[in-house]
Amino acid sequence: MTRQDAFILSFRTVVSYRLRAILILLAMALGVAAVVVLTALGEGARRFVMNQFAALGTNLIIIIPGRSETAGGFIGALVGETPRDLTLDDAASLTALPGVRRFAPLNVGLSEISAGGLLREVTLAGSTASLIAIRRMRLAQGSFTADNGPNPAEAVLGAKIAHELFPQGNALGQRIRLGDRRFRVAGIFAMQGESMGINTDELVLIPIDHAQALFNTQSLFRIMVEAESRSAIEPTKKVIRAALKLRHDGEEDVTIIGQDAILATFDKILRALTLAVSGIAAISLAVAGILVMNVMLVAVSQRTTEIGLLKAIGATHTDIRNLFLLETLWLAVAGAVVGIILGYLGSLGLRLAYPQLPAYPPIWASLAAIATALVTGIAASILPASKAARLNPVLALSRR
Amino acid sequence: MIALTAISRIFTMGDQEVRALNNINLTIAPGAYVSVMGPSGSGKSTLLNLIGLLDQPTSGTYLLENIDVTSLSETDQARVRRERIGFIFQSFHLIPRLTAAENIELPLILDGIPSAERKKRVQAILQQTNLLERADHRPSELSGGQRQRVAIARATILNPAVLLADEPTGNLDHKTGAEVIALLENLHHQGTTIITVTHDREIGARAHRKIQMRDGEVVSDD
Ligand SMILES: Nc1ncnc2c1ncn2[C@@H]1O[C@H](COP(=O)(O)OP(=O)(O)OP(=O)(O)O)[C@@H](O)[C@H]1O
Ligand SMILES: [Mg+2]
C-alpha cells in the first residue's frame, strides 16, 4: 500500500465514523486550547510585570543604605537594619562618576497636607528634578527645578490631590501647607495611574532639602541612579560601590541593585510559573490520550471482521497498523488545529476582558501543544493499532 | 499447484485437543475445479484457511507453486495471499462504509497499484460481473447475490491462481446461488484453480474433483 493511499483510506474511515471523530477531536482540541490559553495568561502576567518595571525608568541603579549579607539581596536590604546613613553629600559625590547619567536622592514619608481649610494625609517624596526624568514622570502643568539645595519651598501635586484641594483647577501657584511648613504649588503631575506601588496621582513631591527638614532626618531613603546605558549598569555599580566605600571609611555599608538584576529575577520566577501552568494544562492532553486509546480499542474490536478481511485479501501487519495509526493522526492534527484556533480566540477574549494584560500565547507554547497532541495521539493509538495488526484473521472472520 | 504433505492442525482449548486436520496428503493441480464436502466440524474451513495462508499447520509441509509458503515471513505470506490467492466467504465480508467499486478496489490499493490503473481495472471487472449500475452502491443497498458478486470481483481482481470459496452460496437462495456458481465456473474456464467448500450436493457434484472429509481426514477423493 502506498503512503498516499494509506492517508486517503484512513481519512475516509475517520470521516465515516463521525461521532467518534468529533469526540476525539474535541478532547484533543480542548487540551491544546488549554495549553495555549494558560501559557498566554502566564506570559501576559510576565509581560505585565516587566512593563511595570520598565515604567520605573530604564538602566536604573538603586542605592539603599545598609548592607545585606546575601549577594544581590534585594529583599534583605529592604527589611535589614541601617548601620550608617546615606547622606545628601553621598549623593552629591556621584555627580562626577563615570557611567552615571543622572541621579536623584530620595526621602519618602507621610505628611498632612492642607489648603484652603481642606486637610488630608499624603505620601510625600523629597527629591530633585532628576527624579522626574529618571522615573519617567510627567508634569501636566508647571515645573520642578529642585537640585541638592538649598531650594525654594515649592511642591508638585499629584493630579488627584490637586483636584481634591483645588476643585476649580486653579492649583498652580497656590499656597499649601505640609506639616508645619508652607509651600507654593509649582507643578501638577499628569494622570499616570499606579506603577510598581507608587501612584503619582496621589503623591506630593518637594525638594530634597525641605523633605529632610520636614522629616527631621539627614539620612536618605535611597538614591536612584540612571546609568548611561544598559551595559553601563554593572561597571557603574562597581564605581559607585568603590566611591561610597571610600567615603564611608572603607566600609561597604550600602546595597546597590541594578534594575536588570531585579528584572532577571522576576523574569525567571514568572517564566517558571508559566511553565508550571502549561504543564498542568498538558495533563489534560494526556487525559485526552487515554480517551483516544479507549475509543480506538473499541474501534478495533468493532471492526474485527473488517481487519480479518483485510488480512485475507493480503494486507500486511504494517498496513493494518499504519491504517489505525493514521486514523488517530488525522484526528490529532485536526484536534490540534481546532485547539490552536480555540486557544487564540480564548487569548483574545482574555485580552478583551483584561486590557492591561498582554495575554498573547507564545509561539513555543503553541508548537509544544501541537507536538504534544500529535505525540499523545500516536502514542495512544500504538496499542490499539498493534492489537489490530496482530489479530488472528481466522478468528476475526468467524465473528459475526 | 498445491501440495499438502502430512498436514495436521491441532487446536488446543484449555486441556482439550481438537484435531481439526489429521495427517492430510493432498495435491491439487493448477486449473482444477475441486469441491470439499463433509459434515459440520469435519475440518473443511480449516483446510481452506490453511491453503489460503490465513492459518498455519501444526505439522506437515505445504508447497504452493513449489514454494514452502508456511516458512515465508508474514509480509511475504501477505503478498502471496494478495497476488496468488482469492477468498470468498459465506457472509461476503464487504466493508459496509465503502461502495461496491471501492470494495473491489481494495486489493489493488494494498498492492500499491496507481489510482488511474485501479479505476480502469475496477471498471473492467464491474462490467464482467454485471455490476456497473451498482458500482456506487454500498453493500447495504445490494442484494445477497450482488454482494457475493462484488466479493468475487474483489477476490479475483488481481487474477489469483487459486480461488477459495467457503460456502459461497450458504446465504443465497437457489437461483442467485446458481448465478454465483456460474461465475466461479466461468473463472475456472479462464484457468483459475477453484476450491469450493459446500453443503449443497448439487453444487458439490458439479466440480470435477470431489473431496469428502470427516473428522479432519479425507475419506474420499474422486
Ligand atoms: N479456532 C479454533 N479453536 C478451536 N477449535 C477450532 C477452531 N477452529 C475450528 N475448530 C474446530 O476444528 C474443527 C473443524 O472446524 P472447521 O471450522 O474446519 O469445520 P467445518 O468443516 O468448516 O464445519 P462447518 O461445516 O460447520 O463450517 C471443529 O471441531 C471446530 O470446532
Ligand atoms: Mg466451515
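Residues numbered from 1 in each chain as written. Chains lettered and ligands numbered in written order. Predicted model: local features only at pLDDT ≥ 70, side-chain atom pairs only at ≥ 80, totals over all residues. Heavy atoms only, no water.

## Comments concerning the packing of aromatic side chains
So, point 1. Counted under the stated rule, the structure contains three aromatic pairs over all chains.
So, point 2. Ring centres of Phe-7 of chain A and Trp-330 of chain A lie 5.9 Å apart, and the angle between their planes is 85°; this geometry places the pair in the edge-to-face category. Linking Phe-7 of chain A in helix α1 (residues 3-16) with Trp-330 of chain A in helix α11 (residues 317-353), this pair joins segments that are 323 residues apart in sequence.
So, point 3. Ring geometry for Phe-87 of chain B versus Phe-89 of chain B: centroids 5.3 Å apart, planes at 5°, classification stacked.
So, point 4. Taking relative accessible area as the criterion, Phe-87 of chain B reaches 4% and is therefore assigned buried.
So, point 5. A residue is classified by how much of its surface remains accessible, and Phe-89 of chain B, at 9% relative accessible area, is buried.
So, point 6. Ring-pair connections join several aromatic residues into one group, and the members of that group are Phe-7, Phe-11 and Trp-330 of chain A. (Phe/Tyr/Trp six-rings, centres within 6.5 Å; stacked < 30°, edge-to-face > 60°. Helix = DSSP H or I, 4+ residues; strand = E, 2+ residues; numbered from the N terminus. Buried < 20%, exposed > 50% of the residue type's maximum accessible area, 1.4 Å probe, protein only.)

## What to know about the confidence of the model for chain A
All names here are of chain A.
So, point 1. Per-residue confidence for chain A averages 87 on the pLDDT scale, and 94% of its residues sit at or above 70.
So, point 2. At the low end of the mean pLDDT range in chain A sits helix α3 (residues 74-79), at 51; at the high end sits helix α10 (residues 304-312), at 95.
So, point 3. Confidence over residues 69-73 falls short of pLDDT 50; this stretch has two contacts with residues more than four positions distant or in other chains. (pLDDT = per-residue confidence, 0-100. Contact = heavy atoms within 4.5 Å.)

## What to know about the side chain of Ser-219 of chain A
Residues and elements named next belong to chain A.
So, point 1. Here Ser-219 lies in the loop between α7 (208-215) and β11 (222-227).
So, point 2. Looking at Ser-219, the relative accessible area reads 17%, which means it is buried.
So, point 3. Apart from the residues lying within four places of it in its own chain, the contact partners of Ser-219 are Asp-85, Leu-86, Asn-107 and Gln-212.

## With respect to the environment of Phe-183 of chain A
All names here are of chain A.
So, point 1. Residue position: Phe-183 is located in strand β7 (residues 181-189).
So, point 2. Distance from Phe-183 to Arg-222, taken between C-alpha atoms, is 24 Å for residues 39 residues apart in sequence.
So, point 3. Leaving out residues up to four positions away in the same chain, Phe-183 has contacts with Ala-153, Glu-154, Ala-155, Gln-174, Arg-175, Ile-176, Leu-178, Ile-206 and His-210.

## Notes on the site of ligand 1
So, point 1. Taken together, the neighbourhood of ligand 1 is formed by 15 residues, with Ser-40, Gly-41, Lys-44, Ser-45 and Thr-46 of chain B sitting nearest.
So, point 2. With respect to ligand 1, its neighbouring residues span chains A and B.
So, point 3. Within the contact set of ligand 1, an oxygen atom lies 2.7 Å away from a side-chain nitrogen or oxygen of Ser-45 of chain B.
So, point 4. If ligand 1 stood free it would expose 630 Å²; the protein chains cover 69% of that surface.
So, point 5. Looking at the shell around ligand 1, the elements with two or more residues in it are β1 (2-13), β2 (16-28) and α1 (44-51) of chain B.
So, point 6. The dominant element in the shell around ligand 1, judged by the number of residues it contributes, is α1 of chain B, at three residues.
So, point 7. In terms of residue class, the shell around ligand 1 is built from six nonpolar, seven polar and two charged. (Near = heavy atom within 4 Å. Polar contact = N/O pair within 3.5 Å; in protein donor to acceptor, adjacent residues only side chain to side chain. Areas by Shrake-Rupley, 256 points an atom, 1.4 Å probe, with all protein chains shown as cover. Nonpolar A, V, L, I, M, F, W, Y, C, P; charged D, E, K, R; others polar.)

## Notes on the sheet that holds strand β8 (residues 193-197) of chain B
All names here are of chain B.
So, point 1. Taken in spatial order, the six strands make up an open sheet running β6-β7-β8-β3-β9-β10, and their pairing is mixed. The sheet terminates laterally at β6 (85-89) and β10 (217-221), the two strands that pair on one side only. With strand direction ignored, the average angle separating the axes of adjacent strands in the sheet is 20°.
So, point 2. The pairing of β6 with strand β7 (residues 162-166) spans five bridges and is parallel. In the sheet register, Ile-85 faces β7, and the bridge partner there is Val-162.
So, point 3. Contacts from α1 reach β3 (33-37), β6, β7, β8 and β9 (209-214) within the one sheet, and its direction differs from that of β7 by about 155°.
So, point 4. Across the sheet, helix α2 (residues 74-84) touches β6 and β7, and the angle it forms with β6 is around 75°. (Pairing = 2+ DSSP bridges. Axes fitted to C-alpha atoms, helices over the stretch in contact; angles between N-to-C directions.)

## Some remarks on the interface of chain A and chain B
So, point 1. Between chain A and chain B, the contact holds 25 residues from the first and 24 residues from the second.
So, point 2. Surface buried jointly by chain A and chain B totals about 2,200 Å² across both partners, of which 61% is contributed by carbon and sulfur atoms.
So, point 3. In this structure, Arg-118 of chain B engages Asp-5 of chain A in a salt bridge whose closest nitrogen and oxygen atoms are separated by 2.8 Å.
So, point 4. For the interface between chain A and chain B, the tally reads 10 residue pairs in polar contact (both at pLDDT 80 or more).
So, point 5. Elements supplying a minimum of two residues to the side of chain A that touches chain B: α1, α10, α11 and α13 (393-398) of chain A.
So, point 6. The biggest single contributor to the side of chain A that touches chain B is α10 of chain A, with six residues.
So, point 7. Across the side of chain A that touches chain B, the residue classes break down as 11 nonpolar, seven polar and seven charged. (Buried area = accessible area lost by both parts, 1.4 Å probe. Salt bridge = Lys/Arg side-chain N within 4 Å of Asp/Glu carboxyl O.)

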